[in-house]
Amino acid sequence: MKKSLIVILILGLCFSCGEEKAEQKKTDQPTMEKVKLMTLDPGHFHAALVQKTMYPQVDSTIHVFAPEGPEVQDFLSKIEQYNSRSENPTAWKVNTRISDDYLQQMLAQKPGNVMVVAGKNSKKIDYILEAVKAGLNVYADKPLVINPEGLVKLKEAFEVAKKNGVMIYDIMTERFESTTMMQKRISQLPAVFGKLVDGTPEEPAISKESVHHFFKYVSGNPLVRPAWFFDVNEEGEGIVDVTTHLVDLVQWEAFPEQIIDSNKVEMLKAKRWPTILTREEFTKVTKLPDYPKYLQKDLIDGKLHTYSNGEMVYKINGKHAKVSVIWNYQAPEGTGDTHYSIMRGTKCNLIIKQGAEEDFKPVLYIEPVIKESFDDLLKNAIDSEVQELFPGTTAEKLPNGHWKINIPDTFKIGHEAHFAQVTENYLNYLEAGTLPEWEIPNMITKYYTTIAAYKLAKKD
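Residues numbered from 1 in each chain as written. Predicted model: local features only at pLDDT ≥ 70, side-chain atom pairs only at ≥ 80, totals over all residues. Heavy atoms only, no water.

### Let's talk about the pairing of strand E3 (residues 93–98)
Logical step 1: For strand E2 (residues 61–66) and E3, the ladder comprises six bridges, and the chain directions are parallel. Counterpart to Thr61 in the pairing with E3 is Lys93.
Logical step 2: Running through helix H4 (residues 70–84), the crossover from E2 to the neighbouring parallel element E3 is right-handed. (Pairing = 2+ DSSP bridges. Helix = DSSP H or I, 4+ residues; strand = E, 2+ residues; numbered from the N terminus. Right-handed = clockwise from strand over helix to strand, strands pointing away.)

### Focus: empty space enclosed by the protein
Logical step 1: This model, assessed by the stated rule, comprises three cavities of 30 Å³ or more.
Logical step 2: When its volume is computed, the largest cavity comes out at roughly 90 Å³.
Logical step 3: Looking at the lining of the largest cavity, the elements that each hand over two or more residues are helix H10 (232–235) and strand E12 (303–316).
Logical step 4: Here the lining of the largest cavity takes three residues from E12, the largest share from any one element.
Logical step 5: Across the lining of the largest cavity, the residue classes tally to six nonpolar, four polar and four charged.
Logical step 6: Taken as a whole, the second largest cavity encloses approximately 50 Å³ of empty space.
Logical step 7: Together, Val35, Leu37, Val50, Tyr55, Val58, Val114, Tyr139, Thr423, Tyr426 and Leu427 line the second largest cavity.
Logical step 8: Counting residues per element, the lining of the second largest cavity draws most heavily on helix H15 (residues 415–432), at three residues.
Logical step 9: Within the lining of the second largest cavity, the residues separate by chemical class into nine nonpolar, one polar and no charged. (1 Å grid on protein atoms, 1.4 Å probe; cavity = no way out; pocket = protein on both sides within 12 Å on 5 of 7 lines; lining within 4 Å. Points joined across faces, edges and corners; volume = space filled by probe spheres on them. Nonpolar A, V, L, I, M, F, W, Y, C, P; charged D, E, K, R; others polar.)

### With respect to the packing of aromatic side chains
Logical step 1: One pass over the structure, following the stated rule, counts twelve aromatic pairs.
Logical step 2: Here Tyr102 and Tyr127 contribute two aromatic rings whose centre-to-centre distance is 6.2 Å and whose plane-to-plane angle is 75°, an arrangement assigned as edge-to-face. Of the two residues, Tyr102 is situated in helix H5 (residues 102–109) and Tyr127 in helix H6 (residues 121–133); the sequence distance between them amounts to 25 residues. In this structure, Tyr102 and Tyr127 share a single accessibility class: buried.
Logical step 3: For the pair Phe214 and Trp327, a centre-to-centre distance of 4.9 Å together with 20° between the ring planes defines the contact as stacked. One end of the pair, Phe214, is in strand E7 (residues 206–215); the other, Trp327, is in strand E13 (residues 319–330), and 113 residues separate them in sequence.
Logical step 4: Through pairs of rings, three or more aromatic residues link up here, namely Phe214, Phe229, Phe230, Phe282, Tyr291 and Trp327.
Logical step 5: A cation over a ring is seen here: Lys184 above Trp252, with NZ or CZ 3.7 Å from the ring centre. (Phe/Tyr/Trp six-rings, centres within 6.5 Å; stacked < 30°, edge-to-face > 60°. Buried < 20%, exposed > 50% of the residue type's maximum accessible area, 1.4 Å probe, protein only. Lys NZ or Arg CZ within 6 Å of the ring centre and 35° of its normal.)

### Focus on the packing of helix H8 (residues 178–187) against helix H11 (residues 243–254)
Logical step 1: Following both chains from N to C, one finds H8 and H11 inclined at 35°, their axes separated by 9 Å at the closest point. Taken together, the residues of H11 that come into contact with H8 (itself represented by Thr180, Met181, Gln183, Lys184 and Ser187) are Leu249, Trp252 and Glu253.
Logical step 2: In the contact of H8 with H11, the residues fall into three nonpolar, three polar and two charged. (Axes fitted to C-alpha atoms, helices over the stretch in contact; angles between N-to-C directions. Contact = heavy atoms within 4.5 Å.)

### With respect to the sheet that holds strand E5 (residues 137–140)
Logical step 1: Strand order in this open sheet of six strands is E3-E2-E1-E4-E5-E6, and the pairing throughout is parallel. Only two strands of the sheet have a single neighbouring strand rather than two, namely E3 and strand E6 (168–170). Across the sheet, the mean angle from the axis of one strand to that of its neighbour is 20°, orientation sign disregarded.
Logical step 2: Where E5 lies against E6, three bridges are found, and the strand directions are parallel.

### Some details on the packing of H5 against H6
Logical step 1: Axis separation between H5 and H6 bottoms out at 11 Å; the angle between their running directions is 20°. Relative to H6, the element H5 is oriented roughly parallel. Relative to H6, H5 is oriented so that their crossing is right-handed. Of the residues in H6, those in contact with Tyr102, Leu103 and Leu107 of H5 are Lys123, Tyr127, Glu130 and Ala131.
Logical step 2: Counted by class, the contact of H5 with H6 contains five nonpolar, no polar and two charged residues. (Parallel < 35°, antiparallel > 145°, perpendicular 65-115°, else oblique. Left-handed = near helix turned anticlockwise from the far one by under 90°.)

### Thoughts on the pairing of E7
Logical step 1: Of all the ten residues making up E7, eight are buried; the element is thus mostly covered by neighbouring parts of the structure.
Logical step 2: Sheet topology note: the E7/E13 ladder contains nine bridges and is parallel. By the bridge assignment, His213 is partnered in E13 with Asn328.
Logical step 3: Note: E7 against strand E14 (residues 338–344), six bridges, orientation antiparallel. For Ser210, the partnering residue across the bridge sits in E14 and is His339.

### Some points on H15
Residues that lie three or four places apart on an α-helix share one face, since the helix turns once every 3.6 residues.
Logical step 1: If you check H15, its first and last C-alpha atoms are 26 Å apart, about what 18 residues at 1.5 Å a residue would give, namely 26 Å.
Logical step 2: Burial analysis of H15 places 15 of its 18 residues in the buried class, which makes it a mostly covered element. (Expected span 1.5 Å × (residues − 1).)

Spelled out as C-alpha cells, the structure:
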C-alpha cells in the first residue's frame, strides 16, 4: 500500500509544502513545536481514547487538571491500561493536579498549549471560552453546547479564538467510518449517483439514524457511566448530544467543503422522548446503589426517565434531512450500537445498514433508480475513483438487483481507533495554522441546527 492508513483515510487535507517542509517530512522530524496536551476534567471515556495512541508531534507528558472523583480515576486507569498493554503499548507520562480550582490552575500554569476536554457538557462551553481567552487551543469532545445560551457563548468563543490566533475543533469521529466515507465518495460521482434529490419531510433526501446503549464495553471492559450522564441538565438531551455527529455528517456528505449559512437551515419537525431505566439497570451501569438526589426530579414510580431520544426533520440548503437518535439500556447478546443512513440520488440511493443481516457491522448498499447501463457505470467507478479511497473494494450484485459494496477489513478499524485519526487531522491543522475555511461556519451551523431542534421539541 503506497500510503499509510491514516493518509488514505484523511481526505481532502492539502497544505502547501515548500522545499524546507518537504525535507522535514522526509526525515520524519516535527515541523512545529511539540504539542503539549492538558486534559481538563475528564468526565467521559472519550478523553482517554485520545491517548490510546502516541503521536510524534505530541509531547509524551500529559497534564491533567481535575476535581477529585471516580471520573478522573477512571481516566488515569485507562491511560495506565494503554501504557501496560502487551501490543503497541503507549508511553504516556501523566502529571496530575487534583483540586477544586482545577480550571483556574490550568489557566494560571498553562503547562501545555492544547486543552482536551470530554466530560460534563453543561460546563464544556465555559471551559472552551476561558481557554481561548487564555490563548489556548481547544480539542473538545462533542457536543460543544447543549442549550441556546451555550450557542451564544460558542459564537463568542470562535471570535475570541480568531483574535488570539488559536483553534477550536470538535472530535467528529464518524467522518472516518469507512462505509460513511464510501457513501460520501460515491455521492460525489455524478455518473453513478446523479445528484442529491430535494426530498420531502416524509422521504428526506438524506437521513441519519443511530441506536446506542447505556451498558456497553470500552477497551474490553464494561463501561461505568457517571450518574450525571443521565441528568439532561449536565449531559444534555439526546437531541443535542449524539445528534451532533449525525447533523455533522449530513453537512459533510451532502455539501462537502461548502460553507453552510445557518440561515439556510429551517427546522420543520422535532420530538423528544425518554428512555426508562429501573434502579437495577441504573446500578449496573453506574455501580451506584441508588439514584442521587439530583435525579429525583426524573423519577416516575421509582424508574428513571431520561430524555436521551430525539428526532428532527429539517431543510438545509433546500434539501430535506432527517436525524434520529435512540438510546436503549443494553443491546441484545451479540449485537451493539447500530447506524442507518440513506442518501437519495437521481440515479441511485446509497444505503448504510447495520442490522442482523450485516452481523451488526455497517455495510453500504446501492439501490439503482435508473436501470439502463447502471451496472457498467458502477463497475467503472469502483475500478477507478473508488479504488483511490479504499484499494481492494469490490461491488457485489445481489439477487434483488441492489449492489453490496465490500470494503476490505483493513479499513474497518472501529470507533475507538477513529479517535487517533481525528487527532492526526487536528494536529495537521495545528501545523498548518488554520482550519479549512468551511469548518468554523459549519460548526456554528451544526450547533444552530441541534439547538433549533431542541427548542422546537421542547415547545411541542
